[in-house]
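Structural description and commentary
Next come the chains, spelled out residue by residue.
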Amino acid sequence: MRTTFSIRRAAVVFAAVGALALTGCGGGGDGGDGKKTTDDGSDKGTDSASTVTLPKLDGEDISVAAVWTGPEQENFTKVLDEFEKRTGASVTFVPAQDPIINFLGTKIAGKQPPDVAMIPQVGAIQQAAAKKWAKPVGAEAKAQLDKNYAKVWQDLGAVDGTQYGVYFKAANKSLIWYNAAAFDNAGASEPKTWKDFLTTAETVSASGVTPVSVGGADGWTLTDWFENVYLSQAGPEKYDQLAKHEIPWTDPSVKDALTTLAGLWGKPELIAGGADGALQTEFPASVTQTFTGGDQPKGAMVFEGDFVSINIAQTEAKIGTDAKVFPFPAVGADSPVVTGGDAAVALKDTKGAQALLTWLASSDAAKIWAEAGGFISPNKGLDLKAYPNDVQRTMAQALIDAGDDVRFDMSDQAPQSFGGTPGKGEWKILQDFLKNPKDIVGTQKQLESEAVKAYKS
């Protein structure tokens, strides 16, 4: 999922993220006695009273489909395990593929739909509702949403006034993570503007290290690059218009954003492996190659959300010392803040499916993954002490403080055929643009042609 805060309101909060990282915000962990501790060493108190009442579901089987793999799947499984303990139900995780709406369509056609699906696009929720696959949220889950969520998060999961989605996981997708040793060796500093960012990249390059790692094999990372540049440069009003296709992709504002991106993508010496290498690099590898190799990584910086911390954890780098972070640089007057997330949607109107939605809307469920790390919740009832370090705490606080001033990620608002399908639409066109960033006008025409077809269907 992806969302944008009101820029001016959140920029000040996120300016603190880089500073917090510089102070060494290593997360709380196992203090040696098996108890989880916060940064100041205090016990988190994992046995706090329950905030949600769940029914007994002994003997009931529930299946949950999601595209999560690796550590994300493992951490979500911990959330499901606790649901099993509290209800007596048996929950099965069903690995899904992108685009999830196609995966669900196959399952439904075969009369084997999962009970619940974790859907990462607003457009996909709308499609599931239009196809009558999605079932409305029950009263108990709705009560948890009313208690724990700002109205905007409820609205994002609603279609024509009916609530279908429970947003469980959010993400801040406006961060640049960097290899501290590579920066130190180059004498580079954290940039605040796009111009400074390009200067920093050149400085790192001059030290003998390629500055930017790009996971171009996954088209969604490229849409995030575009959206951050566009939001900062064109502003929120234009952003909203383009997201709804109220202005065409041939608009001059799109040309400006692509021209800005070409200033980086058009310099292969600044991209790890050049364009061809980037297009063969999947997102997880774009992160791990930034934080392996000591002060001689394949790339010194990598752009993406707070969930990058999950992939950093698969290396020996420590967040706050080896791996640091700064807000996406301002292209216009302000730095952008783009976020995303995943909503739970029931595909069967059963007691078990509704109970799981109720659980995922509770602060108890959010706390489990928050403590594991690599997670931000839009649940305002979650105690921020649950997060393992000050970086994630600050990101989460900014999300909650933004309240209703939140906009969803642009490509996730689009029809999935345009904004969320590997090898097609915006994903494929921006991959082609990464390979040939000189063709700005041609890229705009292709984007508009595909958008027209997708929004009409």
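Computed from a prediction, not measured in an experiment: that's the story for all the values here. (Residues numbered from 1 in each chain as written. Predicted model: local features only at pLDDT ≥ 70, side-chain atom pairs only at ≥ 80, totals over all residues. Heavy atoms only, no water.)

1. Re the overall build of the protein chain
Convention followed: Helix and strand assignments come from DSSP, with helices taken as H or I runs of at least 4 residues and strands as E runs of at least 2, each series counted from the N terminus. Residue contacts are defined here by distance: any two heavy atoms, one from each residue, within 4.5 Å place the two residues in contact. Accessibility throughout is a Shrake-Rupley quantity obtained with a 1.4 Å probe, and a residue counts as covered only by protein chains that appear here.
Counting secondary structure elements, the protein chain contains 21 helices and 13 strands. Here the contacts in the protein chain between residues at least 6 apart in sequence split such that 78% fall between residues at least 24 apart. Looking at the protein chain as shown, the accessible area adds up to about 17400 Å², and 48% of this sits on carbon and sulfur atoms.

2. Side note on the pattern of salt bridges
Opposite charge on two side chains permits them to pair, given that their charged atoms come into close proximity. Quick reminder of the rule: By definition here, a salt bridge exists when the distance from a side-chain nitrogen of Lys or Arg to a carboxyl oxygen of Asp or Glu is within 4 Å. Partly exposed residues are those whose accessible area sits between 20% and 50% of the maximum for their type, while under 20% is buried and over 50% is exposed, using a 1.4 Å probe and protein chains only.
For the structure on display, the rule yields 11 salt bridges. Where Asp146 meets Lys142, a salt bridge forms, and the shortest distance between an N and an O atom there is 2.9 Å. Linking Asp146 with Lys142, this pair stays in helix α5 (residues 139-148), spanning four residues, or about one helical turn. The partly exposed category is assigned to Asp146, whose relative accessible area is 45%. Taken together, the shared-partner salt bridges connect Glu82, Arg86 and Asp364 into one network.

3. Section: helix α11 (residues 252-265)
Definition in use: Expected helix span is computed as 1.5 Å times (number of residues minus one).
End to end, α11 covers 19 Å across 14 residues, agreeing with the expected 20 Å (1.5 Å per residue, within 8%). Every buried residue belonging to α11 is among Ser253, Val254, Ala257, Leu258, Thr260, Leu261, Ala262, Leu264 and Trp265, and all of these are buried. In this structure, the buried side of α11 is in contact with α8 (194-206), β9 (212-213), α9 (219-234), α10 (236-243), α20 (425-435) and α21 (440-456).

4. Describing the layout of surface pockets
Selection criterion: The method works on a 1 Å grid over the protein atoms by themselves. A cavity is a set of points holding a 1.4 Å probe that cannot get out, a pocket is an open set with protein on both sides within 12 Å along at least five of seven lines, and residues with an atom within 4 Å of a point line them. Grid points are joined across faces, edges and corners, and a volume is the space filled by probe spheres set on the points. Residues are grouped as follows: Ala, Val, Leu, Ile, Met, Phe, Trp, Tyr, Cys and Pro are nonpolar; Asp, Glu, Lys and Arg are charged; all remaining types, including Gly, are polar.
Computed from the structure, the largest pocket encloses a volume of approximately 820 Å³. For the largest pocket, the lining is made up of 31 residues, of which Val67, Trp68, Glu72, Trp220 and Phe283 are closest to its centre. Contributing elements (two or more residues each) for the lining of the largest pocket: α2 (70-87), β7 (165-172), α13 (283-288), α14 (308-312) and β12 (338-346). By residue class, the composition of the lining of the largest pocket is 15 nonpolar, eight polar and eight charged.

5. Structural notes on the pairing of strand β8 (residues 175-179)
Convention followed: By definition, two strands form a pair when at least two bridges between them are found by DSSP.
Counting buried positions along β8 yields five of five residues, so the element is predominantly enclosed. The alternating pattern of β8 places Leu175, Trp177 and Asn179 on one face and Ile176 and Tyr178 on the opposite face, and all of these are buried. Relative to strand β11 (residues 323-327), β8 is paired through five bridges, and the arrangement is antiparallel. Residue pairing in the sheet places Leu175 in a bridge with Pro327 of β11.

6. Brief notes about the sheet that holds β9
With mixed pairing, four strands are arranged side by side in an open sheet as β9-β10-β8-β11. Looking at strand neighbours, the two that pair on one side only are β9 and β11, the edges of this open sheet.

7. Topic: the confidence of the model for the protein chain
Cut-off, in case you're wondering: The quantity known as pLDDT measures the predictor's confidence residue by residue, on a range of 0 to 100.
On average, the protein chain scores 88 in pLDDT, and the residues at 70 or more come to 89%. Across residues 1-47, where pLDDT falls below 50, the model places 137 contacts with residues more than four positions away in sequence or in other chains.

8. Here we look at the packing of aromatic side chains
Cut-off, in case you're wondering: Classification of ring pairs uses Phe, Tyr and Trp, with its six-membered ring standing for Trp, and accepts pairs whose centres are within 6.5 Å; under 30 degrees between planes counts as stacked, over 60 as edge-to-face, and the remaining range as tilted.
Using the criterion set out here, one finds 26 aromatic pairs in the structure. Residues Trp68 and Trp369 carry aromatic rings whose centres are separated by 5.1 Å and whose planes lie at 85° to one another, so their mutual orientation is edge-to-face. Taken together, the residues span a long stretch of sequence, with Trp68 in the loop between β2 (61-66) and α2 and Trp369 in helix α16 (residues 363-372) at a distance of 301 residues. For the pair Trp68 and Trp369, a shared accessibility class is recorded, and that class is buried. Ring plane angle 65° and centroid distance 5.6 Å describe the contact between Trp249 and Phe418, whose orientation is recorded as edge-to-face. With Trp249 in the loop between α10 and α11 and Phe418 in helix α19 (residues 416-419), the pair connects residues that are 169 residues apart, well separated along the chain. Assessed through its relative accessible area of 1%, Trp249 is described here as buried. Aromatic rings pair up to connect Trp194, Phe197, Trp225, Trp265, Phe303, Phe328 and Phe433 into one cluster.

9. Structural notes on empty space enclosed by the protein
Using the criterion set out here, one finds one cavity of 30 Å³ or more in the structure. For the largest cavity, the calculated volume is near 40 Å³. In terms of lining residues, the largest cavity is bounded by Ser213, Val214, Gly215, Thr221, Trp225, Phe283, Ser286, Val302, Phe303 and Glu304. Every element with two or more residues in the lining of the largest cavity is listed here: α9, α13 and β10 (301-303).

10. Some thoughts on the pairing of strand β4 (residues 116-119)
Burial along β4 is two-sided: Val116 and Met118 and Ala117 and Ile119, pointing in opposite directions, are all buried. Relative to β4, β2 runs parallel, the two sharing two bridges. Looking at the pairing, Val64 lines up with Val116 of β4. Pairing of β4 with β12, which is carried by four bridges, proceeds in the antiparallel orientation. Bridge assignment links Met118 to a residue of β12, and that residue is Ala344.

11. Focus: unusual backbone geometry
Here the bond from Asp98 into Pro99 is cis, since omega is -5°, no more than 30 degrees from zero. Residue position: Pro99 is located in the loop between β3 (90-95) and α3 (100-109). For Lys132, which is not glycine, the phi torsion reads 65° and is therefore positive. Considering the arrangement of structural elements, one finds Lys132 in the loop between α4 (122-130) and α5. Using a relative accessible area of 66% as the deciding quantity, one classes Lys132 as exposed.

12. Here we look at α21
Spelled out, the test is: Here a polar contact is taken to be a pair of N or O atoms separated by no more than 3.5 Å, where protein atoms must pair a possible hydrogen donor with a possible acceptor and residues adjacent in sequence count only if both atoms sit in side chains.
Over its 17 residues, α21 runs 24 Å from end to end, which matches the ideal 24 Å to within 8%, given 1.5 Å per residue. Among all positions in α21, only Ile440, Gly442, Thr443, Gln444, Leu447, Glu448, Ala451 and Ala454 are buried. Next to the buried residues of α21 lie α11, α19 and α20. N-capping of α21 is provided by Asp439, with a side-chain oxygen placed 3.0 Å from the backbone N of Gly442.

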